[in-house]
Amino acid sequence: MPSSTSNFKPSDTAPAYQRELPSLRLGRAWTIGVVLALLGLIGWEMKWRAFGVEPSYANSDGAWAMQRRRIDHGEGNKT
């Protein structure tokens, strides 16, 4: 039964057509991608710095004791 979309049958003597692929400029694509990622990261950092947020880590004796207790009671082999 012929196909519902095409009834074309290639001949055995005709050579198969192969399209040439265009040359790719992957170096340029990588460069543009990295530059856009860095610009996005810098913009995100500037936005939050202008908002008044600074990188910080809340380290206190209470936080240390809480983690120490967690490790002592059941999670002793985890970092």
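Before reading on, note that the structure itself is shown above.
Reference entry: report on the structure contained in this document. Quick caveat: nothing in here was measured; it's all calculated off a predicted structure.

Cut-offs used in this document
- Residues numbered from 1 in each chain as written.
- Predicted model: local features only at pLDDT ≥ 70, side-chain atom pairs only at ≥ 80, totals over all residues.
- Heavy atoms only, no water.
- Patch = residues over 30% accessible without salt bridge, like charges linked within 9 Å, V, L, I, M, F, W, Y side chains within 5 Å.
- Areas by Shrake-Rupley, 256 points an atom, 1.4 Å probe, with all protein chains shown as cover.
- Salt bridge = Lys/Arg side-chain N within 4 Å of Asp/Glu carboxyl O.
- Helix = DSSP H or I, 4+ residues; strand = E, 2+ residues; numbered from the N terminus.
- Buried < 20%, exposed > 50% of the residue type's maximum accessible area, 1.4 Å probe, protein only.
- Phe/Tyr/Trp six-rings, centres within 6.5 Å; stacked < 30°, edge-to-face > 60°.
- Lys NZ or Arg CZ within 6 Å of the ring centre and 35° of its normal.
- Expected span 1.5 Å × (residues − 1).

This part is about a nonpolar patch on the surface. Residues Leu24, Leu26, Trp30, Val34, Leu38, Leu41, Ile42 and Met46 make up a contiguous nonpolar surface patch of roughly 910 Å² in combined accessible area. With respect to the helices, strands and loops of the structure, Leu41 is situated in helix α1 (residues 26-51). Since its relative accessible area comes to 54%, Leu41 is described here as exposed.

Take the packing of aromatic side chains next. Enumeration according to the criterion identifies two aromatic pairs in this entry. Here the aromatic rings of Trp44 and Trp48 are separated by 5.9 Å at their centres, their planes lie at 70°, and the arrangement is edge-to-face. Here the residue Trp44 and the residue Trp48 both occupy positions in helix α1, the gap between them amounting to four residues, near one helical turn. The partly exposed category is assigned to Trp48, whose relative accessible area is 32%. Taken together, Trp44, Trp48 and Phe51 form an aromatic cluster joined through their ring pairs. The cationic tip of Lys47 hangs over the ring face of Trp48; the distance from NZ or CZ to the ring centre is 4.2 Å.

For the rest of this paragraph, the subject is α1. Look at α1: 37 Å from first C-alpha to last across 26 residues, which is about the 38 Å you get at 1.5 Å a residue. In the segment just after α1, Gly52 is the residue with positive phi, at about 105°.

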